[in-house]
Amino acid sequence: MSCVCISCPPCLQCKPQYNKTSHSGIKIRDIGDALTHSACPQKLRQRLDIRNETLSLRIFTFLRVSKDQTKAPLVTLTANCSKTMQSGGGMALSFCGDDQDINSYSVKDGMLNNGCFVDALNLVPHVFLLFITFPILFIGWGSQSSKVQIHHNTWLHFPGHNMRWILTFSLLFVHVCEFAEGIVSNNRGMSTNHLHLFMPAFMGFIAATTSVVYYHNIETSNFPKLLLVLFIYWVLAFITKSIKLWKFAEHYVGPQHLRFCITALLVVLYGLLMGVEINVIRVRKYVFFANPQKVKPPEDLQDLGVRFLQPFVNLLSKSTYWWMNPLIMGAHKRPIELKKIGKLPIAMRALTNYLQLKDAYEDQRTAEDPNRAPSIWRSMYRAFGRPILLSSTFRYLADLLGFAGPLCISGIVKYLNNSSVGPTAKEIEANTHLGVYFMPSIELLKDTSVLAVLLFLALILQRTFLQASYYVTIETGINLRGALLAMIYNKMLRLSTSNMSMGEMTLGQINNLVAIETNQLMWFLFLCPNLWAMPVQIVMGVILLYYLLGCSALVGASVIVLLAPVQYLIATKLADTQKSSLEHSTERLKKTTEILKGIKLLKLYAWENIFCGSVEDTRGKELTSLKNFAFYTSMSIFMNAAIPIAAVLATFVTYYFWTGNTVPAPAEAFAALALFHILVTPLFLLSTVVRFAVKALFSVQKLGEFLQSDEIGDDSWRNGDMPVSMEAGKKHMGGTKAINRKQPMRYQMDNYEQPTRRQMRPSETEDVAVKVSNGFFSWGSNLSTLSDINIRIPTGQLTMIVGQVGCGKSSLLLAMLGEMQNIDGRVFWSKLPDYEPVHEGNISWSGMEECDEDIRSKNRYSVAYATQKSWLLNATVEENITFGSPFNKQRYKAVIDACSLQPDIDLLPFGDQTEIGERGINLSGGQRQRICVARALYQNTNIVFLDDPFSALDIHLSDHLMQEGILKFLQDDKRTVVLVTHKLQYLIHADWIIAMKDGSVLREGTLKDIQTHDIELYEHWKTLMNRQDHGLEKDIQQDSQTTLERKTLRRAFYSREAKNQMDDEDEEEEEEEEDDDNMSTTTNRRSKIPWRVCWCYMSSGGFFMVFLMVSSKLLKHSVIVAIDYWLAIWTSKTNGTIGNGTIGNGTFGNETFGNETFGNGTDPAKDDYHYLLVFTTLCAAGITLCLITSLTVEFLGLSAATNLHHNLLNKIIHAPIRFFDITPLGQILNRFSADTNIIDQHIPPTLESLTRSTLLCLSAIGVISSITPAFLIALVPLAVAFYFIQKYFRVASKDLQDLDDSTQLPLLCHFSETAEGLTTIRAFRHEARFKQRMLELTDTNNTAYLFLSAANRWLEVRTDYLGAVIVLAAAGASIWFPSIGLASGGLVGLGLTYALTVTNYLNWVVRNLADLEVQMAAVKKVNSFLGTESENYEGTMDASQVPENWPQDGEIKIQDLCVRYDPMLKPVLKHVNMYIEPGQKVGICGRTGSGKSSLSLAFFNMVDMFEGKIVIDGIDICKLPLQTLRSRLSIILQDPVLFSGSIRFNLDPERTCTDDRLWEALEIAQLKNMVKALPGGLDAVVNEGGENFSVGQRQLFCLARAFVRKSSILIMDEATASIDMATENILQKVVMTAFADRTVVTIAHRVHTILTADLVIVMKRGNILEYDKPETLLEQEDGMFASFVRADM
């Protein structure tokens, strides 16, 4: 050990000695050796500092002696030096040091003037705290937490909670600095170890850690009295530190010394913590006060349903998302469900945020200018400005800390090889006070180890701040979205009906607002802090670059800045191509849907390939857009990767020529490299942010227009005079904090939103329920639709409103309901005489009104209303009928019977618990209408409005409904019924009749009144009634329409019965996926990456593309590493730091090194030029490879998408018909919509990002390991940690993603169904219930989304911290193990720069992996369909062997035929034998399920004929190619199918017939005149599904289609089922004449249609029961056919 170092540049003779020491100062011990050279004493004398006289004296005494005795030992040195050295340099670890010349324990100047004593005094508080808290922590909480899991309902929050954590963290950091300073001072300036320099700091660190653990335990277990310990600790620590600071000041220690600054900081921190503690005592009064306050946890935490704990946990858990651990780890064992994520805290619920936003919005309306449109931007700023400012602050801090990276790298590389230079003797003496050495502040930053630790801490902090900023913006964005959705919904409920019906506000617009605009604003908010943080980041970066590299840095920066607009251009192009590809994909989906809906027809007519071709054409257009999309995407990726290379190239080339052929030192070069990496990101993102900002402007404009649109009239009868004022609302709310939990949320929403009800004016006559006087009403155009309306609706009676179509009957109902604009006149609603309304703002579902008989339960203000166009909720049948009222079994059953719904309910798979509506099962019109009527009947209201409830019902049902439902059920209840109808035969039941004509009332009164006073009208009605009765007889002849509807319903489910026997593969797969989640045994399966699916996707893209992608990726990353490696060698060499040589001093243009370095005499300029050339070549290669890789990945994705879609379409279109029976249409469509979209647009960028980030991380780790192999030791634990983090995250992320997707759909559906059913909801007065439902759905979706984003933060914080540890390990390895590896300055710089990039990319590896896993599910689903068996299209005969005109005669022989739908199922036809002569007309009848339709399918070889055969004109049809067989027969199906296109296309898609032939077919089908009248004739447009023609006309088109194909065999499968009698007669006539010479097989469901047939076949359960002429069969009285005919009469 040395006594003291003397700074002395080595003379040449000393050099060998010097090299051993690796110091630039000489140790005294070595001087003896050095002085043996005679030249040394002279030189030494010149160099020594004469002013340090005593030292000089001592040394020179020694020198004179040793001149003579050169070999004398060093004992002759001064006393104190020699003593120390004799003990072999070993130091006693004494607290105050062991310096012999100073008595460290002397207190003659006073106790407090001994530095060591002051330091000892500082230990007292720390020891006190540890002494007291350890027993409490270990005994108290140790036992408690082991027994019971402390739940979050015991958590307290003391005042200044976050402040305390921030201060404690700062305290810990300052203690670390104090410790480091103590150690460095001890090593550099002291001769012996002084424990008191660093021991108190170490103890302080432990005490501070203990204090925060202790506080956390008090907080989670509700024990505030124990906080007193901390208070005492802060006071003691503050006092002792203050004494220390005071003594420093006395002894002239000032801010220039690091220890002084640290002590001052500690005094401030202890003072602040003391303040926090005093504040807690002041507020909570838990001690020193007579009546301590009872401390309760926050309200949210008492509700155990709240699982989102981010706002409540402590700061450490907040910043690391530690509280998410149980959820994310638990996802491995069982999937995350909605139950698991619980509710949102009150502050994040949509209602709370809605009220905030609404207040901010409404406050802008001033009394002076009430009509001024409030600004949405300002409202958003007022409601959500604070969190955005907070987030921006975090963002600024993170960005500034980001620059610490490059600066620390610069410092580490600069001081790496001269870090051991100690302070000179003179400096030591100048900085020694109180007997110890005080280190100057600046010196600490020259220590590489300190820089490495600082770099690590800066990274940790930067990442923590960055993630905090992300989290806060995302949370705010979600809150904003919730508020906006509630705002839109509230506005929607008040939208005037005319707005909706006049098309000013379409459903599409509202859906766009909900699905697109709110999300745009949310995303804008996410990216918002970037808008102002990025410019600052860019400016800072450029300034630092300039500081490092001078003007040449500006060239590099300008390359980046100039290319930013190009990126913006690419981004806008991307948006445009995405739009166009979306249009094409919508068009393709529309065509695909049509094909799938009409697949049976396409197969029967052998038209699959024509339609498939048309889809492929559209797909071609879509792929062109996708090609452009892929190109622009790859350009964007290319720019991002190539810009930093270009910038670095430009910078160094400019620098080289600017400074006269030199390059910067490694310290500057690599700091600059790191800065360029930092700069690229904001510029790349800026284009995105600007684009979102522009979109957000448009969204706000649309939103503003919507919020300003017309509302339903405020003077409307039920709404009261004025909505509740804001103050009243606030009183109800009692501020958002005091929401009463006992009462469900909906009431608060009610109180806030529901207008107060005005007392009704008593009308003149009490027996009138509603009265309209002088009413003029309009739909918003100020032209009255209804004029001069004076009517009254008698209480408790049946009133009917009749009139022609379009005379204003429905409008009259809506006018009474207040839905129309009232131009003049009044609507009076009478009050019930005996009681006041039930309590304010409440609706009949308050749960008070269980009792039916209780008259009060009939809510006075709500009207049960059934609209003409039926409106259903996406809910079960039961929920649709009860509609929020309490369930009453008797009443429910009575209503179901009255509407004859039981048979329909029995057909549903889950009875009345089956979901119906948009997403549910499609019911027919009649079934939907009866459910709507049932809803009106079930509601317990005084008044029932029924708007034409019979329109979609057949006569039997209408009668039943009239008798049972209206006359019995409603009239018995003494309810007031208003019925709009066209069925005049029911007028006899009316108590009061209102006849309307052209928007005004024609007559009003009883039927008798009208008979006596208006004979003409009465007669007119009579003739109409007769006509209706005539229709009635006809109606009775036929099977009722209802039976048919039920049949359709049954058919929709017959596939389900089949499903029970044989599960469809795809369903099974989906189920498998779900089953995976149920058991923890399948843990591994859930965390495994689907490699097989990935390979399948890759191989779909083509092996050449895969090879190109892999090789170009590897090459690109190798070249990028080579560029940086070359730079390291170049900068190190030129600055003379290869191997362990010294480093240049970093000034530019210091050419003195040049000639010394290259001792061999080569020209350095030439050598440098060679470096420059190689560098430029590598950069050019790198840029080119960037372009190639970005293109290959995107185009690999494109070719995979092309092939997958092509194969999927062909597989599905050629699948057997059975596949479509058992696979839900929605499932097949999903493959073509959502899954194809993911494969087209989402997988390629994810794949690109994943490969890029993975290779970047791997190359970085490779580079670091090759430079400093010691790093590999640290890598092993890091890799293990990384493996577990990604494993847990991927599973949880997938679950949360699914939850987010599955909760979004119900929310969007709720909006669209509300918009459709506005009038009904308002009539029923159920706005509050619907608002409540909307709030619940929004909150559920927001919860899922919040958890998903918190999980992303969880991952990022962990991977970022891992990255920081990698940087620390890399820096540590190069500083502490420099002998291993090639750690020259340049290479160390390279390693650290690479380590910094790892932090950015680690989390992307995991995120992309998780995304890819979710997206690969789409490929998996598509693949499962690719395994579907196709029909056997080939046959055993060649198409050329079949005669051209086959079948010529139409002779059919069926021999022993057995048919089944699937090998797993029972046969549906059993050994059927039949012979049909050419030209014969055959009728087949039988009950449902007897096998009639299966027989018709067998003619076309659509089902599995496993025994027997069908021979047509001598050829067995099973041997024929399917295309040939099906194209030669004709069929007319029960459901008429038309495709969108022209009439010509529908009749002849193959384009083989002449126009004359088509006109002839239309004439036969009685359609010629109608088609001629259409614009375009044969080219007239047919809408999707033929919606612009009636059902009858559609059926006739199908007939014409069959006639165009002049086949000698026609099969009619229940073709007349869905048409009226008149059309049916036409059809029968046509068949008899046009098909006179052809074989016609009719499958009949109305038996009278086949009475004229030549042969009748009756079937039962797949067998032929009767087979003869109809006359013969009718003679058999007890025969089946005879009984059918009798039943049909």
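Sequence order sets the numbering: in each chain, residues are counted from 1 along the sequence as written. Per-residue local features of the predicted model are confined to residues with pLDDT of at least 70, and side-chain atom pairs are confined, for both listing and counting, to 80 or more; whole-chain, interface and lining totals are unaffected and use all residues. To obtain the side-chain values, all non-hydrogen atoms of the structure were used and water was disregarded.

1. A word on the pattern of salt bridges
Turning to step 1, where the next piece is worked out: Note on definitions: salt bridges are taken to be side-chain nitrogens of Lys or Arg within 4 Å of carboxyl oxygens of Asp or Glu. This model, assessed by the stated rule, comprises 38 salt bridges.
Turning to step 2, where the next piece is worked out: In this structure, Lys603 engages Glu608 in a salt bridge whose closest nitrogen and oxygen atoms are separated by 3.9 Å.
Turning to step 3, where the next piece is worked out: Judged by its relative accessible area of 1%, Glu608 falls in the buried class.
Turning to step 4, where the next piece is worked out: Residues Arg619 and Glu622 are paired through a salt bridge, measuring 3.2 Å at the closest nitrogen-oxygen approach. Of this pair, Arg619 and Glu622 both sit in helix H25 (residues 608–658), separated by three residues, roughly a single helical turn.
Turning to step 5, where the next piece is worked out: Residue burial is assigned from relative accessible area. The probe radius is 1.4 Å, only protein chains are included, and a residue is buried under 20% of its type maximum, exposed over 50%, and partly exposed in between. Arg619 sits in the buried class, given a relative accessible area of 2%.
Turning to step 6, where the next piece is worked out: The buried category is assigned to Glu622, whose relative accessible area is 3%.
Turning to step 7, where the next piece is worked out: It is possible to trace a salt-bridge network through shared partners that takes in Asp119, Glu178, Lys241 and Lys244. Every helix listed is a DSSP run of H or I at least four residues long, and every strand listed is a run of E at least two residues long, numbered separately from the N terminus.

2. Thoughts on unusual backbone geometry
Turning to step 1, where the next piece is worked out: Unusually for a residue other than glycine, Tyr321 sits at a positive phi of about 55°.
Turning to step 2, where the next piece is worked out: Of note, Tyr321 is situated in the loop between helix H12 (315–320) and helix H13 (325–330).
Turning to step 3, where the next piece is worked out: Of note in the backbone geometry, Arg1325 takes a positive phi value of approximately 60° without being a glycine.
Turning to step 4, where the next piece is worked out: Here Arg1325 shows up in the loop between helix H47 (1318–1324) and helix H48 (1327–1376).

3. Thoughts on a nonpolar patch on the surface
Turning to step 1, where the next piece is worked out: Patch building starts from residues that exceed 30% relative accessible area and form no salt bridge, then joins like charges within 9 Å and nonpolar side chains (Val, Leu, Ile, Met, Phe, Trp, Tyr) within 5 Å. In short, Shrake-Rupley with a 1.4 Å probe defines the accessible areas, and a residue's cover is counted only from the protein chains shown. Residues Val1276, Val1280, Tyr1283 and Phe1284 make up a contiguous nonpolar surface patch of about 370 Å² in total accessible area.
Turning to step 2, where the next piece is worked out: In this fold, Phe1284 is placed in helix H46 (residues 1271–1316).
Turning to step 3, where the next piece is worked out: Looking at Phe1284, the relative accessible area reads 37%, which means it is partly exposed.

4. Here's the deal with the environment of Val542
Turning to step 1, where the next piece is worked out: Relative to the elements of secondary structure, Val542 occurs in helix H22 (residues 507–549).
Turning to step 2, where the next piece is worked out: Sequence separation between Val542 and Ala553 is eleven residues, and the spatial gap between their C-alpha atoms is 7.5 Å.

5. Let's talk about the sheet that holds strand S19 (residues 1504–1512)
Turning to step 1, where the next piece is worked out: Between any two strands, pairing holds if DSSP finds at least two bridges. One open sheet holds the four strands; their spatial order is S17-S16-S19-S20, and the pairing between them is antiparallel. Either end of the sheet is taken by a strand with one partner, and the two such strands are strand S17 (1469–1476) and strand S20 (1515–1516).

6. Here we look at the nonpolar core
As a rule of thumb, soluble globular proteins bury nonpolar side chains together.
Turning to step 1, where the next piece is worked out: Side-chain atoms within 4.5 Å link the members of a nonpolar core, which is a set of buried Ala, Val, Leu, Ile, Met, Phe, Trp, Tyr and Cys residues. Membership of the largest hydrophobic core comes to 132 residues, with the highest contact counts inside it found for Met324 and Phe1175.
Turning to step 2, where the next piece is worked out: At 19 residues, H48 tops the list of elements feeding residues into this core.
Turning to step 3, where the next piece is worked out: Contacts are assigned to residue pairs with any non-hydrogen atoms lying within 4.5 Å of each other. Ignoring sequence-local partners within four residues, the contact set of Phe1175 consists of Val648, Leu649, Phe652, Ile1123, Trp1126, Leu1127 and Trp1130.

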